[in-house]
Amino acid sequence: MSAPATVRTAITGVGWAVPGPDFDPETELAVRGMRHKDRSSRFALRAARRALGDAGLLDAPELDGAAVVVSCNFGNLGPVCDFVATIDGEGSAGTSPMRVPHLSSAAAATWVALDHGMRGPNLTLSSGASGGLDAVAWARNLIAAGRATAALVIGMEPDTPPVARLHREAGGTGWIDGAVGLVVEPVRHAADRGARIRAEIAGFGRADDERSAVEAAGGAAVRRRLGGEPNARYGRCSGALGVVQCAMAVAELEAVAGPEPRAVLAVAGAGTEEGDGSSVAALVLTPPQGRPA
Amino acid sequence: MSWDLVGMSAICALGDTVPAIHAALCSGRSGLAPLSAFDSSRYRAGAAYEVPDRARPGVDEPLRATRWLVRVVREALAEAGLPEPEPRTPVLVGTTHREMRTAELWWRREAPLSPADLHFTPALRSALGLHNVHTVTSACAASLYGLGMATDLIASGEADTVVVAGTDSITESSFGGFDRIQPRPPDTIRAFDRSRRGMIMGEGAAAVVLRRAGADPGRVRGRVRGVGMNCDAAHATAPDPAGIVRAIEEAHERASLAPGDIDLVVVHGSGTSQSDLAEAVALEQVFKAADPGPLVTAVKGGTGHVSGGAGLLNLVVALESIRSRTLPPISGLADPIEEAGHLRLVSGRPATGPFGTAQVHAVGMGGINAVAIVEGAAR
C-alpha cells in the first residue's frame, strides 16, 4: 500500500507523556478530570494536550473539524480482565458503571475528542506493531479526503497487570507505559497560520516484508533508518511504536544541521524488532520542504 | 463518485448467509436465546443473540470472532470472483472487542493468547494470503468507518479493491457491564418503542468487497455512494442528535443526494433510551422537508447488537432489501416514541418496494458516528 501525496502534510506538534524527567505520572495522571479514566486514557489525554500545545492549537477553532487517530493494542486489556475478575467474584452487580466505557478500545480517542471539541473522524487502530505508522498515514488520508482539517495522532500503551503478563508470556522483559502525540496538518494550513513545521510526511508504504514497504514509501535511498530505537529506550512499544519513532525522528531532524538534504525512514512491524504477526509499515519524514506554491 | 460492491457475506444469530438473515428478519424471527456458555448466575440478564456454533454446549471456545471473520471475508471474495485475491489488497476490519473474549479465557487460564491474536493480520494472512490488514476499533461505528476509509483508498488511487469487514463475539466483560448499567434487563430489543428497556448483545461478522466503479460490472451487487464519519465530542456516553445530523448531512453531501432521494433508512436502533431518542430527533430534523420521507427500520430486535460489525450488517440487510423489494419491520415495535412520530417506521410486517437508495447508520459509544449511503445494483 502506498499513497500518492495529494495534499502535503506535516507534523507541527509533538507531545510526550512517557514517565521520565519531563513527565511524572504520579502528578500528571492525577490531575482534575482523570478520576474515572483508565490508565491509557489518562496518558492519551496528557499527550494530546502537550502535542496540541506544542503545535499552538490548544483552543484553536480549527480543532472543531479535526480528527483523532489513536494506535493502541493493549489499552482495554486491563479493564476487560478486571471486569471478568469482578464478575467471577461478585457477579455483574460488582462492576463499576463508570468503567464500562473503558471496555472499548475507542475510549481514549473519544475522551480526547471531548476534551478538545474535535468533531472530525474519531479513529482507533489496533493493528499490531505497524499501527503507529499506519495511524500517521490514516491521518494523512483523512486530511486528503477532506474529512479533517488536521489530525491528532496518539500512540499509547498502558502497563497494567494483564499487559505485563501477556508481554512476559511472549518473551518480553520491558514495555512502554505511556503515550506520545503528534499533530498532523496540511503544510499549507501550517504555513498560513505561521506554525513551525517540524517534519514533512513524504511517503508511506505497507507490505509483508520490509524491503517492499520501504520501496512503497519511497524510502529506498534514505540512509537513516529508525527501527528498534524506541524499544531499546522504553521496552516494547507495540501500538505506540510508530508514533514514538516519528517523535524521535522529528527531534533528530531538528538537532542535526548540515547542508545535505536529510530524511528519516521509520520502519515498524513484524520482521523488524517487534514480531507480533503484523505486516510492515514504513514512513519517510523529511525536513520542511518550503511553502507550497 | 461511487464505488461498486461486488461481494458480501454475513453471519449472526439469525443465519449464516445474507439472504437467510434477511428472510429471518422479514418473518419476524429473533435470534435471542438463553446464554449458552456464560455462567448465567453471574448476571441478571439470561439471554443474548449468540451464534450457535460452539462444539460442546456450555463450553466456550477461543477465537470465534476470528473464525467468522475469515469465513465472511473468504465468502465475500468468492462472490466477488476473487477467490485468490492480490495479497496486498487492503482489508479493513471493524471490531469493538477484537479477540477480548479469548483474552478473558486467557486471563482465567482457560485458553492461550498471544499479542498477535489481538489483531487479525495473522489469521487473514494464513487463511487467504492477505497481509495488508487494518484492525479498526472505533467502537460500534468501526465497520462503517472501515467502509469510509475504503472509499478514500480507492478515490485516492491507492487501491482498486478493498475488503471491508466487521466481527465481534460477545465478551463477558461487556455483557456484565451492560447488565450493570441498564436499569433492568431488557426482554428483547424494541427500537423506538416507548417500552424499550435497552440493548442486548449479539455477535457475528459481515464482509463486503468494494471495487473501483466499473472494475467488474457483471458482479455489481450494489453501490456505495458516500460515507460520513465524525464524533459528537459532546458527552461521554449519551449520543448527541447534532452529531448524528452532521454525519447524515456529510453522507448526503458526499453522495450528492438530497434527503428526498433516500428511500429507506436502517437505523442503529440499539433500543437504549438515549440512543434511540438521539437518532429519532436527528432523522426528524434531516427529513422534515422530505415528503413522504424514507421508510425507517432497524434489525437489532432480530440480530442483537453485533457491535463492530453492526453498521456493515445493516448495510448488507439494506442491499438485500433493495434487491428483494422487501424491507423487514422493526421487531417489537408497537407504540413508537413521540420523537419518532413523523417517521415512517416499518412495524408488524415487511414493507414492499421498489427501493433504490438506502441510508445506513452506526452510532458508537463515545459519540462515534458513521452513516453510509448505498444503492441497489440496477440504476
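If you check an unreviewed UniProt entry, chain B appears there as 3-oxoacyl-[acyl-carrier-protein] synthase II from Actinomadura livida. The UniProt entry for chain B carries the following comment under Sequence similarities (unreviewed entry): "Belongs to the thiolase-like superfamily. Beta-ketoacyl-ACP synthases family."

An unreviewed UniProt entry lists chain A under the name 3-oxoacyl-[acyl-carrier-protein] synthase II, with Actinomadura livida as the source organism.

Student: What is the right way to read the side chain of Lys37 of chain A from this model?
Tutor: All names here are of chain A. For Lys37, the position within the fold is in the loop between helix 1 (25-28) and helix 2 (39-54). Buried charged residue Lys37 carries no salt bridge. Nearest counter-charge: Asp115, at 7.6 Å. One polar contact links the side chain of Lys37 to the main-chain carbonyl oxygen of Gly33, over a distance of 2.7 Å. Discounting residues that sit within four places of it in the chain, Lys37 has contacts with Arg42, Leu45, His102 and Trp111.

Student: Quick question: what am I supposed to make of the pattern of salt bridges here?
Tutor: Side-chain pairing between opposite charges can occur once the charged atoms of the two side chains come close. In total, this model carries 44 salt bridges over all chains according to the counting rule given. Glu61 of chain B is paired through a salt bridge with Arg67 of chain B; the nearest N and O atoms lie 3.0 Å apart. Among the residues examined, Arg67 of chain B registers a relative accessible area of 38% and is labelled partly exposed. Residue Arg190 of chain B is joined to Asp187 of chain B by a salt bridge in which the shortest nitrogen-to-oxygen separation is 2.7 Å. Accessibility expressed as a relative area gives 41% for Asp187 of chain B, which makes it partly exposed. A single network of salt bridges, built from pairs that share partners, joins Asp88 of chain A together with Glu50, Arg54, Asp60, Arg101, Glu104, Arg108 and Glu172 of chain B.

Student: What's the story with helix 3 (residues 100-107) of chain B in this structure? I'm lost.
Tutor: Quick reminder: α-helices carry 3.6 residues per turn. Residues three or four places apart thus point the same way. Of all 8 residues that make up helix 3 of chain B, 7 are buried, and the element is covered over most of its length. Arg109 of chain B sits one or two positions beyond helix 3 of chain B and adopts a positive phi of about 60 degrees.

Student: Would you take a moment to explain the nonpolar core for this structure?
Tutor: Note that soluble globular proteins tend to have their nonpolar side chains buried in a common cluster. Leu147 and Leu315 of chain B are the most contacted members of the largest nonpolar core, which has 100 residues in total. Excluding its chain neighbours within four sequence positions, the residues that come into contact with Leu315 of chain B are Leu5, Leu144, Leu147, Val208, Val360, Ala372 and Val374 of chain B.

Student: I would appreciate a short explanation of the interface of chain B and chain A in the present structure.
Tutor: Think of interface size as the accessible area that goes away when the parts come together; that is how it is often given. In this complex, chain B contributes 65 residues to the contact, which on the side of chain A involves 64 residues. Approximately 5,400 Å² of surface area, both sides summed, lies buried where chain B meets chain A, with 59% of it carried by carbon and sulfur atoms. Three residues stand out in chain B for area buried against chain A, namely Arg42, Trp107 and Glu158 of chain B, and they jointly supply 13% of the buried area on that side. Viewed at the interface, chain A and chain B are joined by 4 salt bridges. A salt bridge links Arg147 of chain A to Glu250 of chain B, with the shortest nitrogen-to-oxygen separation between them at 3.3 Å.

Analysis parameters
- Residues numbered from 1 in each chain as written.
- Chains lettered and ligands numbered in written order.
- Predicted model: local features only at pLDDT ≥ 70, side-chain atom pairs only at ≥ 80, totals over all residues.
- Heavy atoms only, no water.
- UniProt positions renumbered as here; feature names shortened; annotations may be inferred.
- Helix = DSSP H or I, 4+ residues; strand = E, 2+ residues; numbered from the N terminus.
- Buried < 20%, exposed > 50% of the residue type's maximum accessible area, 1.4 Å probe, protein only.
- Lys, Arg positive; Asp, Glu negative; His and termini not counted.
- Salt bridge = Lys/Arg side-chain N within 4 Å of Asp/Glu carboxyl O.
- Polar contact = N/O pair within 3.5 Å; in protein donor to acceptor, adjacent residues only side chain to side chain.
- Contact = heavy atoms within 4.5 Å.
- Core = buried A, V, L, I, M, F, W, Y, C linked by side-chain atoms within 4.5 Å.
- Buried area = accessible area lost by both parts, 1.4 Å probe.

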